[in-house]
Amino acid sequence: MGSADPFNRLVKLAARAFYDDITTKGENQQKTGRSDNRGIAVVVLDTLTKRQWVREEDLAKDLKLHTKQLRRTLRFFEEEKLVTRDHRKETAKGAKVYNAAVAATGDSQQTGREGDDKQKMHVHSYCCLDYAQIYDVVRYRLHRMKKKLKDELESKNTIQEYVCPNCGKRYTALDALQLVSPYDEYFHCESCNGVLVAESDKLAIQDLGDGDDNARKHRHDKIKDMLSKMEVQLKPLIDQLARVKDLPIPEYGNLQAWEARAHASGRSANGDLTASDPSKSSQGFGFGGTPMPYVGETKVEVAFSGIGEKGEMVKSETPMKVLPPWMIKDGMNLTKEQRGETKAETKTDSTLTAPEVSDDKKSSTVNDEKKSIQDEYVKAYYAALLMRQREQEETMNRPEPANTISNEDYYTTTERQVGMKSKRDEDHEGDDVNWEEAGPTTGGQTRQFKVDLNEEAEASEEEDDIDWEEG
Amino acid sequence: MFFHMVLERNMQLHPRHFGRDLRDKLVAKLMKDVEGTCSGHHGFIVAITGIESVGKGRIRDGTGFVVFPVKYQCVVFRPFKGEILEAVVTMVNKMGFFAEAGPVQIFVSNHLIPDDMEFQPGDIPNYTTSDGSVKIQKESEVRLKIIGTRVDATEIFCIGTIKDDFLGVISDPGANS
């Protein structure tokens, strides 16, 4: 639930830091003592922090401002991405909807608009603070300020700009080719042939003359100074940004959604001022101070819980994933599916002519799993393997496919071996080495290899685990 | 940076070249047309290394010219921002110096020349350190870093800097490569 207070504080700090000398007067108009309206931006932003969606006329009335002035300010904010505006055609009836919605939010904004009841469509403008964007915009602004100063400081790879003092035309260093003159060593303007002046260090004031070394140092110092001053003065803002970083952003949605919500809440606000439903918390709809259920909330609830349930169901229904052997550690209580044993086995065995073998294995594995004792399984497995081995020897059915199969086999058996052994004992590296050497090289020798395995395995089984480490 | 890539071009051939040596003539024309040119997208085409395929020729309506789509392999050179190159100084100016790295021209403005190097006008304009130890003049070799490129349709131009570490003069003019 996005409580707006830290965000409101952020907005107030940002307003005072950056917008306190914005004036809505045009450039040409005089800013006399009487009509100077600097600082109006701060006032407007402050008022907006106390409201959600506001009709602009209402805001103007509250602030005792001229609508046009306010509009200009709001337009400026919209361009700065601090505020979202919505313009829509409404009859006075529609305006009433808004009024009701506003009243329902508990903010007492009694606007006496009932008088204007004609069925004319006016375009009403609404505005609201856009917290998410404000957060981003303020951060971006700070970043750009720092970057600019730092770049100047280090004289980083900035592309030089040149200005013609005669006609004011600007060039960059990329245009240098066209600017270079064959006659003298300066750059000349393309149009008026005036000598171009390099525009360097835009931040530092250039009226230090050209005692070159000193000028550079002075500029350097000035910029350093600026940077440190900036950091000191903006510290509260930066702190607030940090505080706000992890909080959920209060979101009022677009005008219609908010109105609908507020309206519904207004209706039920008479009785149940229940706390806002936590199921909606992820959206942050509405803000902490207005506790009320929302339109369609029930639906959402159901969906939520439905999703919750479904999620769980889905979870339980998901077929157990085959855990790769390297994940299987000793003592894990895994189902046979997770060990991937039976399935893998069927896979390999299907390629061979020994389905009964797998069945045997399966039954044995089922038993074993229940007791979660791997030894029996391993024994059975090896027994089966040996059986299979013999069958293969009989059938002599191991030409080319055997190679691929055997590779597969090898791989899966290896896995199983590896898995098995790692289950019993963490140390199977010695065995690994054997296999890796033996596997790819053996083509038709897999039989032997397997036999070896069996012997080795059986032998070690009889002995204690200690022997494995040696092996 | 250099790349070796396959490009395609439609070569138009006059009927007088038709005959036994058609293909050779086509390839020769391609080389003449393409080598040394620059496209903004691929960079400078330095050399054609081989012909991959020559498609079927289409006779253009109204004229006897035939258009062959030719795929060829070539070495291209394209400078990138952030790349570090060695270049040869071609002109020294009060505003900086121009250098060439193969087909591409690079301009280093005085703003990006280390502060301790001052411009010395005169017969041989140059940039020199205060103690005279390092000098940048025409034909010096410098190592520079490209900080900006300007890519037109047929032209690439770069801005460079020597203000970073390990950049600057490699060797003086007259020194052997």
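Look up: the structure comes first, before these words.
Here's what I pulled together on the structure shown here. Every chain's residues receive numbers from 1 upward, in the order its sequence appears when written. Each chain gets a letter, beginning with A, and each ligand a number, beginning with 1, in the order they are written. Selection of residues for local features in this predicted model requires a pLDDT of at least 70, selection of side-chain atom pairs for listing and counting requires 80 or more, and totals for whole chains, interfaces and linings are taken over all residues. As a rule here, side-chain values come from all non-hydrogen atoms in the structure, and water together with hydrogens is ignored.

1. Topic: the packing of aromatic side chains
Residue and element names in this part refer to chain A. Put simply, the rule is: The pairing test for Phe, Tyr and Trp rings, Trp by its six-membered ring, is centres within 6.5 Å, and the orientation test on the planes gives stacked under 30 degrees, edge-to-face over 60, and tilted for anything in between. The rule is simple: take the accessible area with a 1.4 Å probe, protein chains only, and divide by the maximum for that residue type; under 20% is buried, over 50% is exposed, in between is partly exposed. Where helices and strands are cited, they refer to DSSP runs of H or I of at least four residues and of E of at least two residues respectively, numbered from the N terminus.
Inspection of the entire model under this criterion finds 10 aromatic pairs over all chains. Where Phe18 meets Tyr19, the ring centres are 6.4 Å apart and the plane angle is 80°; that geometry is what we call edge-to-face. A residue is classified by how much of its surface remains accessible, and Tyr19, at 3% relative accessible area, is buried. Here Tyr19 and Phe77 contribute two aromatic rings whose centre-to-centre distance is 5.9 Å and whose plane-to-plane angle is 80°, an arrangement assigned as edge-to-face. Of the two residues, Tyr19 is situated in the loop between helix 1 (5–18) and helix 2 (40–49) and Phe77 in helix 4 (residues 67–79); the sequence distance between them amounts to 58 residues.

2. With respect to the sheet that holds strand 10 (residues 126–129) of chain B
Residues and elements named next belong to chain B. Threshold: Two strands qualify as a pair provided that DSSP identifies no fewer than 2 bridges between them.
Reading across the sheet, the 3 strands line up as 9-10-11 and stay open at both edges, with antiparallel pairing between neighbours. Either end of the sheet is taken by a strand with one partner, and the two such strands are strand 9 (117–120) and strand 11 (135–136). Pairing analysis gives 2 bridges linking strand 10 to strand 11, with the strands arranged antiparallel. Bridge pairing in strand 11 places Tyr127 opposite Ile136.

3. What about the interface of chain B and chain A?
Applied cut-off: The contact definition used throughout considers only heavy atoms, calling two residues in contact when any of these lie within 4.5 Å. Here's the idea: put two parts together, see how much 1.4 Å probe accessible area each one loses, and the total over both is what we call buried area. In what follows, salt bridge is the name for a side-chain nitrogen of Lys or Arg lying within 4 Å of a carboxyl oxygen of Asp or Glu.
In this complex, chain B contributes 27 residues to the contact, which on the side of chain A involves 22 residues. Around 2000 Å² of area is buried between chain B and chain A when both sides are counted, 58% of it from carbon and sulfur atoms. Contact with chain A buries area across many residues of chain B, yet Met95, His111 and Arg150 of chain B alone supply 29% of it, more than any other trio. Our enumeration of links across chain B and chain A arrives at 1 salt bridge. Arg150 of chain B is the salt-bridge partner of Asp175 of chain A, the closest N and O atoms lying 2.4 Å from each other.

4. Details of the sheet that holds strand 6 (residues 197–199) of chain A
Residues and elements named next belong to chain A. Stated formally: Lines fitted to the C-alpha atoms define the axes, with helices restricted to the stretch that makes contact. Angles between their N-to-C directions range from 0 to 180 degrees.
Spatially, 3 strands are ordered 5-4-6 in an open sheet, and the strand pairing comes out antiparallel. Of all the strands in the sheet, the pair left with one neighbour each is strand 5 (170–172) and strand 6. Pairs of neighbouring strands in the sheet enclose a mean axial angle of 35°, with direction left out of account. Looking at chain direction, strand 4 (residues 161–163) and strand 5 are connected through 3 bridges and run antiparallel. What sits directly across from Val163, in strand 5, is Arg170.

In short, shape yes, function no, at least from these values alone.
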